Structure formats: C-alpha cells, structure tokens
Amino acid sequence: MEQWVSAMKRMALEKITQVSGPAVYVPGSDIDTDRIIPARFMKCITFDGLGEYLFYDVRKNADGSDREHPLNDPRFKGASILLSGVNFGCGSSREHAPQAIYRYGFRAVVAESFAEIFFGNCTTLGIPCAVATAEDMQRLRAAVEADPAVTVTVDVDNNRVFFGSENFTVSIPDTARDALISGHWDAIADLLEGEKAVAATAGALDYMKS
Amino acid sequence: MGKTLFAKVWDAHTVRTLPNGQTQLLIGTHLIHEVTSPQAFGMLRDLGLKVKFPHRTFATVDHIVPTDSQVEPFADPLAAEMIKELRNNAVDFGITYFDLSSGKQGIVHVVGPEQGITQPGTTIACGDSHTATHGAFGAIAFGIGTTQVRDVLATQTMAMSRAKVRLINAEGKLCPGVYAKDVILHIIALLGAKGGIGYAYEYGGNLFDDMSMEERMTVCNMSIEGGARCGYVNPDEKTFAYLKGRPYCPTGGSWDAAVDNWKSFASDADAVYDDVVNIRAEDIAPTVTWGISPDQGFGIDSTVPDPANAKSENERASIAEALEYMKLPAGAPIKGTKIDVAFIGSCTNGRLSDFREVAKYLKGHKVAAHVKAIAVPGSQIVDVLCRNEGLDKIFSEAGFEWRGAGCSMCLAMNPDKLVGDQLCASSSNRNFKGRQGSPTGRTILMSPLMVAAAAVTGAVADAREVFEVRELAAV
C-alpha cells in the first residue's frame with residue numbers, strides 16, 4: 001500500500017484540457033509505426049533520443065541527407081501538432097512510435113482515424129489523438145500550408161479544433177478524454193489502487209495459482 | 001441470450017471499472033521479450049515497484065537474435081546489451097526466462113503455445129502486436145505498448161475498453177494449394193487494414209473448425225493487420241489434444257477439470273455478435289500483396305491495380321504511392337515479378353507444419369541462382385522437430401539457408417535484412433515500407449509454399465503450377 005501511495009505522489013499528472021501550437025501535415029493513409037520509427041532504432045534500452053529518428057527513412061536519404069518531407073520543410077520547424085490521414089499508427093505496437101513523436105516535440109495528433117494500439121499508447125503518454133473528417137482535415141491542411149505560423153488548438157475538453165477564425169468538431173473517445181482532462185492518462189496509480197479487487201479476481205481463476 | 005467467448009473471458013477477468021470508464025482487466029499471462037520490456041523494467045525500478053505475479057510472467061529473446069550463429073558474444077554490441085538487460089531483469093524480478101541456452105528459445109508467439117503457457121479462457125498480453133496469435137486457443141490476447149507492459153508487470157492488470165465482436169464465418173473447403181495464410185490475407189483485403197478497428201474477430205465456421213492449431217495460429221496472428229485488436233477461434237478437442245502433456249499445462253485430475261473449464265468459455269450457440277461477415281472458402285485463391293499495406297492483396301492471377309481506376313482520391317493516392325514504392329507498373333500481372341530474396345519464417349508461418357508442407361514439394365527443386373533464400377524456424381524446438389524429420393536437409397539441398405530461431409527478416413532487427421530495393425517473397429506479416437530492414441526494400445506477402453515457388457522460379461509464381469499441387473493440404 002505504502003508503495004503505491006509513493007507511486008501516486010510521483011505520478012501527479014498534468015490535466016490536459018487543450019493543446020496549442022503550430023501544426024504540420026504529413027500526408028498519407030495507413031502510416032504505420034515502422035514508418036514512424038524504423039525497427040533498427042529500437043535497439044535501445046531507454047526511449048531517450050528517439051525524437052531525431054522520427055520518420056527517419058522517409059525523411060533521410062541513405063547518405064543521411066534530407067529528402068523532401070514536411071518535417072524537413074523549414075516553414076514547419078517547431079510544429080507541435082501533427083496532422084495526418086486515415087489509420088495513422090497502424091502495425092506494430094511499439095510505444096517507440098509515440099515516444100518519438102513526443103520527443104520530437106509534438107503534443108497532439110489530429111488525423112482522419114487512428115489504429116487502436118497506437119491510440120492507446122499515445123493517451124497513456126498524455127498525447128491527445130483527435131479524429132476529424134476528411135473535409136475538415138483538408139480545410140485545416142490548407143490553412144496550415146497557407147500560413148505555417150497559424151496556431152492550432154486542440155480543445156480536448158470540448159472536442160473541437162480551432163485555427164485562425166475557423167473551428168470544427170473532432171471526436172475523442174470519452175474514456176480517453178476523461179483520462180486526459182482529469183490527469184489520469186497514465187493509469188498506473190488507478191491500477192495500483194485496485195490491488196484488493198485484483199486479488200479477488202485472480203483468486204477465482206485456477207490458472208492464476210499455477 | 002448467449003455470450004461470446006470474448007464476453008465470457010472479459011467478464012471473468014474484469015477487476016473493476018476505472019474512473020474514466022475503462023475496465024481494469026486482469027491479464028493472466030504476460031509474455032515479454034527484449035525489445036519492448038527494458039524501458040518498462042526501468043519505470044518499475046523508478047517507482048520502486050515489484051513484479052506482481054512473477055510466476056505468470058514469461059520471457060524469451062526473439063527480435064534481435066542473429067539467426068546465422070547464436071553463439072555469443074554477438075557482433076552487434078547493442079543486441080548483446082539488450083539480451084543482457086533481459087537476463088538481468090528476469091533474475092532480479094524472478095521471471096521464467098527461455099534463454100538461448102535453454103533449448104526452448106524462440107519467437108514469443110511460437111514459444112507460448114509450444115510450452116502450453118497459452119491456454120483457453122485466459123487473457124494474455126505482450127508488448128508485440130502479433131500477440132493475437134494466442135487467440136487460436138480461445139484466449140483473448142492483446143498486443144500492448146511499453147507503458148502497459150509496466151502496468152501489467154506492476155499490477156497484472158491494464159486499463160482497456162471493451163471491444164465489439166465480429167464473427168467471421170467461413171464455410172466450405174479450401175482448394176488445393178490454398179492455405180491459412182491465404183485465408184487471412186483474403187480477409188484483410190476484403191475488410192481493409194482498418195476494418196477491424198474497435199472489434200475482436202471471432203473466426204468461426206467449418207473452415208476454421210477444420211484447421212489444425214498451427215493453421216489457426218496463422219489466421220489469428222494477422223488479426224492486427226486487419227485492424228482488430230485480437231482474434232480468436234473457439235477451443236475444441238483439437239485445442240485440448242494440442243495442449244495435453246505440454247510443460248505448463250495441468251496434469252492428472254487437474255487436466256480434466258481444466259478441460260471442462262476451457263470448454264465453458266466457447267461462444268454459446270445463440271451468442272449475439274455486433275457484426276457478422278460470411279466468407280466462402282472456395283472463393284479464396286493463393287493470395288499475394290502488391291502494395292505497402294497488408295490489405296493491398298489479391299489472387300495470384302490478378303493484375304496490379306491502376307490508380308486511374310480508383311474510386312476515390314484517397315484510394316488513387318494510396319495505389320500511386322504503393323506502386324511507386326514497389327516499382328510495379330499499373331496493369332501488369334503480379335505473376336512473373338522478379339524476386340531477389342525468399343524468406344520462410346516468422347510468428348505467422350515459422351512452425352513445423354509450415355516447413356513440412358513446403359518440404360513435401362521442395363524436394364528435387366533448386367532455388368534460382370539469383371535468389372537468396374532463408375528458412376528460419378520459429379523456435380529452437382521447431383528447429384529440432386524439423387531436423388528430426390530431415391526437413392532442414394531438404395531446404396538446404398534446395399538452396400535455402402537453414403537458420404537458427406528468431407524473428408529474423410520479418411522486421412530485420414537482427415542482421416537478416418534486405419539490401420537496397422531488393423524484392424522479398426516473404427511468409428511474414430507486414431509489407432510496410434522499409435519493414436525488412438532496407439528503407440527501399442520491397443516485400444510481397446504470401447504463404448510459405450508460394451515463397452518456395454517464387455524461390456525456385458526466381459519470380460512471383462503460382463505454387464499450384466510450379467509444384468503441381470493437386471491434393472488438399474493436410475497440415
């Protein structure tokens with residue numbers, strides 16, 4: 001018990017109600033986590049330093065020089081909101097993908113849809129993922145590409161995205177929104193608190209004893 | 001109203017409802033490997049926490065192990081460091097670890113069933129998206145991220161939202177030369193890479209009933225490629241026969257009690273599903289991918305799609321991007337596309353029956369001179385079983401390199417990588433850009449026998465023609 005109380009204290013989490021900043025649009029459907037962070041960069045025992053390898057193989061040539069990619073475009077340096085297409089983050093469950101996104105400097109992702117494991121991993125790290133319609137994404141993309149300095153605000157609390165004088169509704173599952181706005185996005189403290197109930201559930205299952 | 005297996009397992013493992021409305025779900029079995037666990041143990045140490053149920057946590061090393069020689073020290077110091085880290089963590093936290101010297105090491109999704117750790121009616125989690133494989137036994141098995149690995153280590157639970165259940169009902173008999181891999185590639189092409197988001201897939205109907213356990217594993221393995229978080233087949237006599245006598249299964253009187261319990265988890269006849277999709281086995285051809293997403297697949301006799309014929313701008317852009325990367329001309333037949341590398345292995349198709357079925361036809365054939373072909377057993381035990389039957393020799397004599405156990409060229413975290421824009425005929429599960437280790441490397445997914453056909457002809461081929469396949473697979 002003492003253990004989790006101390007854990008809880010360390011885990012006092014920020015309430016994430018809205019995220020604001022410049023944005024960058026990375027086009028494409030089914031952008032998988034291998035593309036977000038190629039497997040060879042997972043040969044590490046900490047997540048430190050993963051940011052520089054974000055989208056590495058589509059951003060860099062074999063000799064390390066830059067390829068044409070929105071993240072290499074100086075107009076979008078400093079972007080903190082990542083925008084993309086359908087089924088973003090599909091494939092491997094590697095948390096290295098959202099870790100690289102976070103460490104690169106992104107604090108929210110808006111896309112037409114997300115793969116489930118990626119979505120869960122992002123929420124657990126306090127990165128809101130908001131789903132927008134294709135039409136709204138194109139509107140947002142056009143605004144960002146016309147003026148890369150425009151501030152985009154992901155209003156987690158109210159399921160809306162604001163930019164310039166425009167805004168639209170996004171969808172964020174209730175459980176994820178609750179976790180973000182109440183500062184419970186890292187579940188460890190809540191899970192530890194259920195210790196007695198865990199013992200009861202496990203006790204009713206024979207295979208948990210072996 | 002009847003319940004699905006998913007609902008029964010979920011309910012039996014529900015601890016409580018969390019403040020945000022998610023379920024705190026008990027994870028009965030936790031499988032870990034060297035790539036996604038070190039950071040989790042780091043977090044555990046930072047929080048001063050221990051592993052809650054070390055006897056329900058099992059580790060092995062698979063992603064980064066070299067397959068040409070498993071003798072240490074490894075040439076790659078980072079790989080050596082990761083193995084050392086896992087060994088230390090297993091010792092420090094009292095976890096069962098199937099090390100390279102154990103004779104039981106292998107791909108975590110091959111090892112779990114092989115050891116009888118994977119059991120019906122249980123929940124399983126692993127920091128790897130192909131954990132769905134274990135659903136073949138009627139387990140609910142989730143791939144998770146590293147922070148969730150920490151959660152399961154520390155509490156044996158994780159926060160989850162309940163999935164809907166889609167029944168994929170398949171009836172009929174497969175044509176000769178069509179395998180479980182073709183079935184799942186067909187399903188993914190039909191329903192899309194994101195078609196399963198929000199769903200658990202229940203694979204039902206006589207096609208899946210008739211499959212062996214290893215075939216069911218192949219199908220469940222790729223549920224994630226269809227967007228489903230997990231997939232399963234209801235446990236039956238085949239499941240119990242496979243498990244009986246395995247090291248981590250109950251014995252004596254507890255065996256009968258366990259079987260009775262396992263049976264009770266199967267979906268009820270009147271279970272209600274959120275969605276049902278019907279498939280006819282006869283409609284499935286040997287299936288190959290042509291693009292950079294596992295749902296970009298079609299029958300071997302098809303021609304590469306033309307972006308000009310796309311139904312939407314999104315589809316047009318996807319096809320164009322895929323063809324540019326794959327260097328395939330629109331409208332060309334996929335058959336005859338020259339390959340450079342052939343890979344048989346992975347958690348999808350690296351089991352005894354996979355090598356047995358290929359060996360049956362490969363005997364007397366030679367790999368084309370320009371093709372590098374490797375066969376990688378999914379575990380050290382699979383390796384031994386293959387060797388006992390002389391299968392390794394059949395592969396070697398045909399020109400395949402017979403390797404040691406590991407994930408190998410499926411994700412190329414070890415030295416087995418494509419070079420430049422090499423094209424690989426692969427029995428693995430993902431054809432993503434760069435997946436097999438070269439940023440410009442290209443992958444065509446297919447069944448193991450189709451890989452063998454491509455290896456011997458040097459180009460994508462129809463195994464039914466190359467090997468005169470006339471009989472139904474009995475694997």
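Residues numbered from 1 in each chain as written. Chains lettered and ligands numbered in written order. Predicted model: local features only at pLDDT ≥ 70, side-chain atom pairs only at ≥ 80, totals over all residues. Heavy atoms only, no water.

Side note on the overall build of chain A
1) Next: Scanning chain A from terminus to terminus reveals 9 helices and 8 strands.
2) Next: C-alpha atoms of chain A, sized along the principal axes, occupy 60 × 45 × 30 Å.
3) Next: By residue count, 60% of the 210 residues in chain A fall in the buried class.
4) Next: Of the contacts formed within chain A by residues at least 6 apart in sequence, a portion of 68% connects residues at least 24 apart.
5) Next: When the accessible surface of chain A is summed, it comes to about 8400 Å², and 50% of that surface belongs to carbon and sulfur atoms. (Helix = DSSP H or I, 4+ residues; strand = E, 2+ residues; numbered from the N terminus. Buried < 20%, exposed > 50% of the residue type's maximum accessible area, 1.4 Å probe, protein only. Contact = heavy atoms within 4.5 Å. Areas by Shrake-Rupley, 256 points an atom, 1.4 Å probe, with all protein chains shown as cover.)

Brief notes about unusual backbone geometry
Residue and element names in this part refer to chain B.
1) Next: Following Glu-72, the chain continues to Pro-73 via a peptide bond in cis, the omega torsion being 5 degrees.
2) Next: Mapped onto the elements, Pro-73 comes out in the loop between strand E4 (57-60) and helix H3 (77-93).
3) Next: Its identity as a non-glycine residue notwithstanding, Glu-468 has a phi of 50 degrees, on the positive side.
4) Next: Tracing the chain through its elements places Glu-468 in the segment after helix H17 (463-466).

Focus: the layout of surface pockets
1) Next: Computed from the structure, the largest pocket encloses a volume of approximately 1100 Å³.
2) Next: Contributing to the lining of the largest pocket are 44 residues, with Pro27(A), Arg35(A), Val58(A), Glu321(B) and Lys433(B) lying nearest its centre.
3) Next: In terms of residue count, the dominant contributor to the lining of the largest pocket is helix H11 (residues 313-326) of chain B (8 residues).
4) Next: Along the lines of polarity and charge, the residues of the lining of the largest pocket split into 17 nonpolar, 10 polar and 17 charged.
5) Next: Of the volumes computed, that of the second largest pocket is approximately 770 Å³.
6) Next: As for the second largest pocket, its lining consists of 35 residues, of which Glu116(A), Phe119(A), Thr175(A), Gln22(B) and Ser161(B) are closest to the centre.
7) Next: Of all the secondary-structure elements, those providing two or more residues to the lining of the second largest pocket are helix H5 (116-124) and helix H7 (174-181) of chain A together with helix H1 (5-12), helix H5 (146-155) and strand E8 (157-160) of chain B. (1 Å grid on protein atoms, 1.4 Å probe; cavity = no way out; pocket = protein on both sides within 12 Å on 5 of 7 lines; lining within 4 Å. Points joined across faces, edges and corners; volume = space filled by probe spheres on them. Nonpolar A, V, L, I, M, F, W, Y, C, P; charged D, E, K, R; others polar.)

A closer look at the pairing of strand E4 (residues 108-111) of chain A
Residue and element names in this part refer to chain A.
1) Next: Side-chain alternation along E4 places Ala-108 and Val-110 on one buried face and Val-109 and Ala-111 on a second face that is also buried.
2) Next: As defined by bridge partners, strand E3 (residues 81-83) adjoins E4 across 3 bridges and the pair is classed as parallel. Its bridge partner lying in E4, Ile-81 is registered against Ala-108.
3) Next: Following the backbone out of E3, through helix H4 (residues 96-104) and into the adjacent parallel E4, one traces a crossover that is right-handed.
4) Next: Sheet analysis places E4 next to strand E5 (residues 129-131), joined by 3 bridges and oriented parallel. Bridge pairing in E5 places Val-110 opposite Ala-130.
5) Next: For the crossover from E4 across H5 to E5, the handedness is right-handed. (Pairing = 2+ DSSP bridges. Right-handed = clockwise from strand over helix to strand, strands pointing away.)

A few points about empty space enclosed by the protein
Residues and elements named next belong to chain B.
1) Next: Counting across every chain of the model gives 5 cavities of 30 Å³ or more.
2) Next: Considering the residues around the largest cavity, the lining is formed by 24 residues, among which His-63, Asp-128, His-130, Leu-411 and Arg-435 are closest to the centre.
3) Next: Within the residue set of the lining of the largest cavity, elements represented by two or more residues are helix H4 (108-114) and helix H12 (346-349).
4) Next: Grouping the amino acids of the lining of the largest cavity by side-chain chemistry returns 8 nonpolar, 11 polar and 5 charged.
5) Next: Summarising the domain contributions, the lining of the largest cavity has at least three residues from each of domain 1 (5-275) and domain 2 (287-466). (Domains from an automatic or database assignment.)

Structural notes on the sheet that holds strand E6 (residues 123-126) of chain B
All names here are of chain B.
1) Next: Read across the open sheet, the 5 strands follow the order E5-E4-E3-E6-E7; overall the sheet is parallel. The open sheet has two edge strands, strand E5 (96-98) and strand E7 (140-143), and neither has a second partner. Neighbouring strand axes in the sheet, compared pairwise and without regard to direction, differ in orientation by 20 degrees on average.
2) Next: Pairing geometry for E6 and E7, over 4 bridges, is parallel. Bridging from a neighbouring strand, Ala-125 pairs with Phe-142 of E7. (Axes fitted to C-alpha atoms, helices over the stretch in contact; angles between N-to-C directions.)

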